[in-house]
Amino acid sequence: MNISLEQAEAIIDAAKIKAAELNTKMNICVVDTGANIVAFARMDGAWLGSADIAQKKAKTAVWFTMDTAALSPLVQPGKPLFNIEHSNGGLITFPGGVIIKNSGGEIIGAIGVSGSTVDDDHEVAAAGAASL
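In every chain, residue numbers begin from 1 and rise along the written sequence. Predicted model: local features are reported for residues with pLDDT of at least 70 only, side-chain atom pairs are reported and counted for 80 or more only, and whole-chain, interface and lining totals are derived from all residues. Just so you know, side-chain values use all the structure's heavy atoms and leave hydrogens and water out.

Account for the overall build of the protein chain, naming residues and giving values.
Helix numbers and strand numbers start at the N terminus; a helix is a DSSP run of H or I with at least 4 residues, a strand a run of E with at least 2. Tallying secondary structure elements over the protein chain gives four helices and four strands in all. Mapped from its N terminus to its C terminus, the protein chain presents α and β elements in the order α-β-β-α-α-β-β-α. Relative to the globule expectation of 14 Å for 132 residues, the C-alpha radius of gyration of the protein chain, 13 Å, shows essentially globular dimensions. When the 132 residues of the protein chain are sorted by exposure, 44% land in the buried category. The contacts in the protein chain between residues at least 6 apart in sequence include a share of 63% that link residues at least 24 apart. All accessible-area figures derive from a Shrake-Rupley calculation using a 1.4 Å probe, and residue coverage is judged against the displayed protein chains alone. Of the accessible surface of the protein chain, which amounts to about 6300 Å², a share of 53% is contributed by carbon and sulfur atoms. Within the protein chain, the 14 negative side-chain charges are centred at a point lying 5 Å from the centre of the 9 positive side-chain charges. Within these notes, the globule rule equals 2.2 Å times the number of residues to the 0.38 power, and the radius of gyration is based on C-alpha atoms. For every residue, the accessible area obtained with a 1.4 Å probe (protein chains only) is divided by the maximum for its type, and the residue is called buried under 20%, exposed over 50%, and partly exposed between those limits. We call two residues in contact whenever any of their non-hydrogen atoms come within 4.5 Å of each other. The convention is simple: Lys and Arg are positive, Asp and Glu are negative, and His and the chain ends are not counted. Lysine's charge is taken at NZ, arginine's at CZ, aspartate's at CG and glutamate's at CD.

See the structure below:
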């Protein structure tokens, strides 16, 4: 099962609300289980360079079926996934990518957010994902 456009747009709306609460501007990307972009928004004034990062965070989360925050400790020097970010055309393995599950607990996509600190990015992504 994949996320619908209607769901993706609602998730982006919730993420934009959280970004506004944090007084930050974000790039927000929602992908389906095949890592295809379903919806994307760049808030007015958000960093252009963060658009690619948001997309890669979403793709990384869905490809590895876990939040990118969970990957961060595994990619450090000496850890089992060190240098994995160089695979798959480039991954982003720091916080801001969150998987999205349906009411049955099945992964239906992921959200990636970039434009502020990784803590803010993760908080906005988590708010978006939780809104479903």
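Having seen the model, we can carry on.
Give a detailed account of the side chain of Ser-114, specifying residues and quantitative values.
Secondary-structure assignment places Ser-114 in strand β4 (residues 107-114). Polar contact criterion, stated in full: a pair of N or O atoms within 3.5 Å, where within protein one must be able to donate a hydrogen and the other to accept it, and residues adjacent in sequence count only if both atoms are side-chain atoms. Within the structure, Ser-114 has its side chain in polar contact with the side chain of Ser-50 (distance 3.3 Å). Ser-114 has contacts with Met-26, Asn-27, Ser-50, Ile-53, Ala-54, Lys-57 and Asp-121, leaving out every residue within four places of it along the chain.

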